[in-house]
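Take a look at the letters that make up each chain.
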Amino acid sequence: MAKISCFINIMKVLVVCLCLMACHSKPENVSKTNVLPEIYPDYVGVTIPVGIAPLNFAMVDEAFTTLDVEVKGSKGGSIHADGAYADFDIEAWHQLLAQNKGGSLTVTVCAEKDGRWMQYKDFSMDVSADPLEAWGITYRRIPPSYEMYSQMGLYQRDLSNFDEMELLQNTRTPNQCINCHTANRTNPDQYLFHIRGDHGATAIRSEKREVKSEKLELLQAKNEILGGSMVYPYWHPGGRYCAFSTNKTSQMFHTTKKNKRIEVYDASSDVFVYDTQTHSILRDTLIMKKYWAENTPAFSPDGKWLYFTTAQRQVYPTDYDQEKYSLCRVSFDEETGKIGEQVDTLINTRETGKSVSWPRPSYDGRYLMYTQTDYGYFTIWHPEADLWLLDLQTGETHPMTEVNSDRAESLHNWNVNSRWFLFTSRREDGLYTRVYFSHFDPSGKATKPFLLPQRNPRQYYCRLLYSYNTPDFTSRPVEINPREIGRRIESNERTVTKTD
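The present account deals with the structure reproduced in this document. (Residues numbered from 1 in each chain as written. Predicted model: local features only at pLDDT ≥ 70, side-chain atom pairs only at ≥ 80, totals over all residues. Heavy atoms only, no water.)

## Some remarks on the packing of aromatic side chains
Tallying each qualifying case throughout the model produces 26 aromatic pairs. On the basis of an interplanar angle of 70° and a centroid distance of 6.4 Å, the ring pair of Phe64 and Tyr120 is categorised as edge-to-face. Placement of the pair is Phe64 in strand 5 (residues 64-73) and Tyr120 in the loop between strand 8 (116-119) and strand 9 (123-127), with a sequence separation of 56 residues. When the ring of Phe421 is compared with that of Phe440, the centres are 6.3 Å apart and the planes differ by 80°; the resulting orientation is edge-to-face. Here Phe421 is found in strand 32 (residues 420-425), whereas its partner Phe440 is found in the loop between strand 33 (434-439) and strand 34 (450-451), with 19 residues between them in sequence. Of the two residues, Phe421 and Phe440, neither departs from the other in class, the shared state being buried. Joined through ring pairs, the aromatic side chains of Tyr367, Trp414, Phe421, Phe423, Tyr436 and Phe440 make up one cluster. (Phe/Tyr/Trp six-rings, centres within 6.5 Å; stacked < 30°, edge-to-face > 60°. Helix = DSSP H or I, 4+ residues; strand = E, 2+ residues; numbered from the N terminus. Buried < 20%, exposed > 50% of the residue type's maximum accessible area, 1.4 Å probe, protein only.)

Below you can see the structure in the form of structure tokens.
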């Protein structure tokens, strides 16, 4: 009986707490203004998916000590948050978004500064009817460094809350650089990443058709015939093949350009296709020309085309800013693993005077998103780098002005239904890349991007001295044992690749 009485008392307390939360009292003596609140992150007028983590925010002006925020749904429901910043209850936030799917949220912000309360003009957020169809995202976090690898790692993040988990940190593989976790169309069971260094490897987990099982293999990092490592991968949708480029990368520092610190260029690069079943590197002269630099490959969603960029090789490093990449494609036969006999040029640098990199076709096959810069392909160091969109049906291309800023945008990827995409941007300070999301409708129009949510966003991003790199969606959590993989990487276990 004592236990039952105790339980009843606890439930009463919970009910009272919930009532207090639902029936909060608004601040008194509030002055109203017809201007929008300046909040960080800027979530005013964004479009968000059901299931996204709460879009917590603070006032940009840190002199504001207290916030009182109410969010009401156009289809019903409301939530409230108050404190030093707007910290919404996760469960209540998800319920409100689900209730208002296809509708909108109205946000009322009251803020206190120097003992005075100010109520700002309401702003809205649209709740899209298009599902995100992703559990979370994967990415690399890397510190600001040029020569030393320092501490870096691959991580995954649950987009419904703020939980982040390690995939692999380079503290488990001392003195080596960990590159680019790349999945096949957000499939967490089929991925690869590369480890650079004296004891490097390409870790690849692929589905083997003949045995119908999955296994993580550690491939020999370099093939002497290729003259380099297997980098910048992109999976064929069938899962057997993966396209790579092999690059001899160098870097140099600017001494006179105020808005640029460093240039990264390739003394040489080629594109090739890897067969996961036979461990064979499939070379072809059409995409491995001697006096041309082929780079950043990507398969079409139907697997019938291989996109890549190509530039005429220059005298390095003196003519680094004359290296400008065109966008091309060549047919691919999945049954034979053969490249076609004709290369089509989709965007020609001779006509645009610009350089194309990181082609990423939407999974519905309609569009191709890419980054455009004045020259080169290492776009994170180019403030002029913008996202562009190519309509694969009409051949028309245009800048994505809805999401671009006056600083570098790059490293983008689609979700599986092609209604959302993510990308990195240095729009905040020009130094660190952060992850942004945008909704994309069938007509090719993107919405105002929103920053990856954090529990206390201002504190988190002000303290984070790392950049987000190569983000992508993942449909489920990636099952991985970092300790075991680290041990295997440190061992001499390697699968030798061969050339055709």
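The rest of the description comes next.
## Concerning the sheet that holds strand 10 (residues 136-142)
Reading across the sheet, the four strands line up as 12-11-10-35 and stay open at both edges, with antiparallel pairing between neighbours. A strand with exactly one partner marks an edge of an open sheet, and here the two such strands are strand 12 (164-169) and strand 35 (467-474). When strand polarity is set aside, the average angle formed by the axes of neighbouring strands in this sheet is 25°. (Pairing = 2+ DSSP bridges. Axes fitted to C-alpha atoms, helices over the stretch in contact; angles between N-to-C directions.)

## Comments concerning the nonpolar core
Phe57, Trp93, Met125 and Phe421 are the most contacted members of the largest nonpolar core, which totals 85 residues. Filtering out sequence-adjacent residues up to four positions away, Met125 remains in contact with Tyr43, Val46, Ile48, Leu55, Trp93, Ser104, Leu105 and Val107. (Core = buried A, V, L, I, M, F, W, Y, C linked by side-chain atoms within 4.5 Å. Contact = heavy atoms within 4.5 Å.)

## Some points on empty space enclosed by the protein
A water-sized probe rolled over the atoms picks out the places where empty space is left. Per the counting criterion, the structure on display carries three cavities of 30 Å³ or more. Its volume calculated, the largest cavity comes out at about 60 Å³. Taken together, Asn179, Cys180, Leu192, Phe193, His194, Thr202, Met230, Val231, Tyr232, Pro233 and Phe244 form the lining of the largest cavity. Of all the secondary structure elements, the ones that give two or more residues to the lining of the largest cavity are strand 13 (177-184), strand 14 (187-196) and strand 19 (231-235). Considering only residue class, the lining of the largest cavity consists of eight nonpolar, three polar and no charged. In this model, the second largest cavity occupies a volume close to 40 Å³. Together, Lys26, Asp68, Val69, Glu70, Thr108, Cys110 and Gln119 line the second largest cavity. Only strand 5 and strand 7 (104-113) provide two or more residues apiece to the lining of the second largest cavity. (1 Å grid on protein atoms, 1.4 Å probe; cavity = no way out; pocket = protein on both sides within 12 Å on 5 of 7 lines; lining within 4 Å. Points joined across faces, edges and corners; volume = space filled by probe spheres on them. Nonpolar A, V, L, I, M, F, W, Y, C, P; charged D, E, K, R; others polar.)

## Looking at helix 2 (residues 90-99)
In an α-helix, one full turn covers 3.6 residues, which means residues spaced three or four apart are oriented alike. Buried within helix 2 are the following residues: Trp93, His94, Leu96 and Leu97. Along the long axis of helix 2, the arc covered by the buried residues comes to 160°, so they all point the same way. Lining the buried residues of helix 2 we find strand 3 (47-48), strand 5, strand 6 (78-83), strand 7 and strand 9. (Arc of directions from axis to C-beta.)

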